[in-house]
2 protein chains.
Amino acid sequence: MLLDNYDIKLLSLLQADSKTSQRQLSEEVNLSPSAVNRRIAALEAAGVIMTTVAVVDPTAVGRPITILVEVKLESERLDLLDQVKKSFANCVQVQQVYYVTGDFDFMLVINVKDMSEYEKLTRELFFSAGNIKTFKTYVAMQRIKVSLNVPLTI
Amino acid sequence: MLLDNYDIKLLSLLQADSKTSQRQLSEEVNLSPSAVNRRIAALEAAGVIMTTVAVVDPTAVGRPITILVEVKLESERLDLLDQVKKSFANCVQVQQVYYVTGDFDFMLVINVKDMSEYEKLTRELFFSAGNIKTFKTYVAMQRIKVSLNVPLTI
DNA sequence: CCTGAAAATCGTGAGAT
DNA sequence: ATCTCACGATTTTCAGG
């Protein structure tokens, strides 16, 4: 999909606050509400807007611990790799999974309510998985910035 | 704020798809639309719902590179620490900043359009900052899972 | 592609329980 | 706390440019 400045501006506004009404968006970008409506629908259909979500404060729901984990595999055989990816991705406590180049293979961002929940998770995800060589745990003392915002200044 | 099962269910639905209409939410949780409306307003006012955002596909807007960076500081003097935090948080390419325990001090998640943009960023954020001892770069080959979802099964 | 109007849907507050 | 109902606003569709 080809994006023009209107689309970029709309994306920028919506990734800052997706509750902005289409009427207000139309004023800010100088288009009619119906044009805005059509463009947003197209951006969603094309997958440029992947989802629209409420961002929940983990602390407010009793899950204050964020943990980063570096994971190194034993074998990078494709089927085993795929299996590990799936087990990570399917875990609800795992918010993010990156497959990376360098000293280790995966970086995970994990949310738990306490360390005992994390300890249980390590057993499920790492110890009993079979293909994990090592993993290194980093506990976040502070979540200084947490977003999925993509720079969109044209 | 104290959350009951209705709130948890609403949060769960909204963090999966915040475009779900309050009418549909009301059917799914067995409440009236106005009750849903009031609860959502309360969750927002209390900061349980921090924001509502459109999640944009970085690749679709020409910014396909995700980079993870481990940063170690020279000094953790409080004022210098604060300065570094701010410079990271204020950078639009920096999506996430975690201050962590362990071998290094910060983990960053960065989005760039290409490596030359990242190279420029390293100069601004690390080399010319003065208080950075080392940083280690990991390029994401694959973003296997990227969300901010908090587990909300009661 | 756009605008503008009509139709459908939605969010929200009042009043009652 | 909740519900129902009604109003106003918003979203969405559609005709015409």
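Just so it is clear, the model here is predicted, and its values are computed rather than measured.

Calculation notes
Residues numbered from 1 in each chain as written. Chains lettered and ligands numbered in written order. Predicted model: local features only at pLDDT ≥ 70, side-chain atom pairs only at ≥ 80, totals over all residues. Heavy atoms only, no water. Phe/Tyr/Trp six-rings, centres within 6.5 Å; stacked < 30°, edge-to-face > 60°. Buried < 20%, exposed > 50% of the residue type's maximum accessible area, 1.4 Å probe, protein only. Lys NZ or Arg CZ within 6 Å of the ring centre and 35° of its normal. Near = heavy atom within 4 Å. Polar contact = N/O pair within 3.5 Å; in protein donor to acceptor, adjacent residues only side chain to side chain. Helix = DSSP H or I, 4+ residues; strand = E, 2+ residues; numbered from the N terminus. Nonpolar A, V, L, I, M, F, W, Y, C, P; charged D, E, K, R; others polar. Pairing = 2+ DSSP bridges. Axes fitted to C-alpha atoms, helices over the stretch in contact; angles between N-to-C directions. Contact = heavy atoms within 4.5 Å. UniProt positions renumbered as here; feature names shortened; annotations may be inferred. Least-squares fit on C-alpha atoms with pLDDT ≥ 70 in both.

Within the structure shown, the criterion is met by 12 aromatic pairs over all chains. Taking 5.4 Å as the distance between ring centres and 75° as the angle between the ring planes, the aromatic pair formed by Phe127 of chain A and Phe135 of chain A counts as edge-to-face. For Phe127 of chain A, a relative accessible area of 59% translates into the label exposed. A connected cluster of aromatic rings, assembled from ring pairs, spans Phe88, Tyr99, Phe106, Phe126, Phe127 and Phe135 of chain A. Note that Lys85 of chain B overlies the ring of Tyr99 of chain B, its terminal NZ or CZ placed 4.9 Å from the centroid.

Moving on to the protein's contact with DNA strand C. Surrounding DNA strand C, one finds Leu31, Ser32, Ser34, Ala35, Arg38 and Arg39 of chain A together with Ser21, Gln22, Arg23, Ser34 and Asn37 of chain B. Counting only the atoms of DNA strand C that lie within 4 Å of the protein, the sugar and phosphate share comes to 58%. Within the side chain of Ser34 of chain A, a nitrogen or oxygen atom sits 3.0 Å from a base oxygen of DNA strand C. Taking Asn37 of chain B, its side chain carries an N or O atom lying 2.3 Å from a phosphate oxygen of DNA strand C. Looking at the surface near DNA strand C, the elements that each hand over two or more residues are helix H3 (33-45) of chain A together with helix H2 (22-29) and helix H3 (33-45) of chain B. A breakdown of the residues in the surface near DNA strand C according to their chemical character gives two nonpolar, six polar and three charged.

Spatially, the eight strands close up into a barrel ordered S2(A)-S4(A)-S3(A)-S5(B)-S2(B)-S4(B)-S3(B)-S5(A), and their pairing is antiparallel. Ignoring strand direction, the axes of neighbouring strands in this sheet form an average angle of 35°. Here strand S3 (residues 94-100) of chain A runs beside strand S5 (residues 132-146) of chain B; their pairing, made up of five bridges, is antiparallel. When the bridges of S5 of chain B are listed, Tyr98 of chain A appears paired with Arg143 of chain B. Contacting strand S2 (65-73), S3, strand S4 (106-112) and strand S5 (132-146) of chain A, helix H5 (residues 115-127) of chain A runs over the sheet at an angle of about 140° to S5 of chain A.

Now for the UniProt feature "domain: HTH asnC-type" (unreviewed entry) in chain A. Under the feature "domain: HTH asnC-type" (unreviewed entry), the UniProt entry names residues 3-64 of chain A. As a span, residues 3-64 of chain A carries 53% helix and 13% strand, and end to end its C-alpha atoms are 38 Å apart.

This part is about the environment of Tyr6 of chain B. Residues and elements named next belong to chain B. Structurally, the position occupied by Tyr6 is in helix H1 (residues 5-16). The class for Tyr6 is partly exposed, based on a relative accessible area of 34%. With 17 residues separating them in the primary sequence, Tyr6 and Arg23 have C-alpha atoms 14 Å apart. With near-sequence residues (within four places) excluded, Tyr6 lies in contact with Val29, Asn30, Leu31 and Arg39.

On to the relation of the copies chain A and chain B, then. Rotating chain A by 180° about the axis while translating it 0.0 Å along that axis superimposes it on chain B, leaving an RMSD of 0.1 Å. The relationship between the two copies is best expressed as a two-fold rotation axis. Residues of chain A ranked by C-alpha distance from the rotation axis are headed by Val53 of chain A, positioned 2.8 Å from it. A symmetric contact is evident, with 98% of the interface residues of chain A recurring at the interface of chain B.

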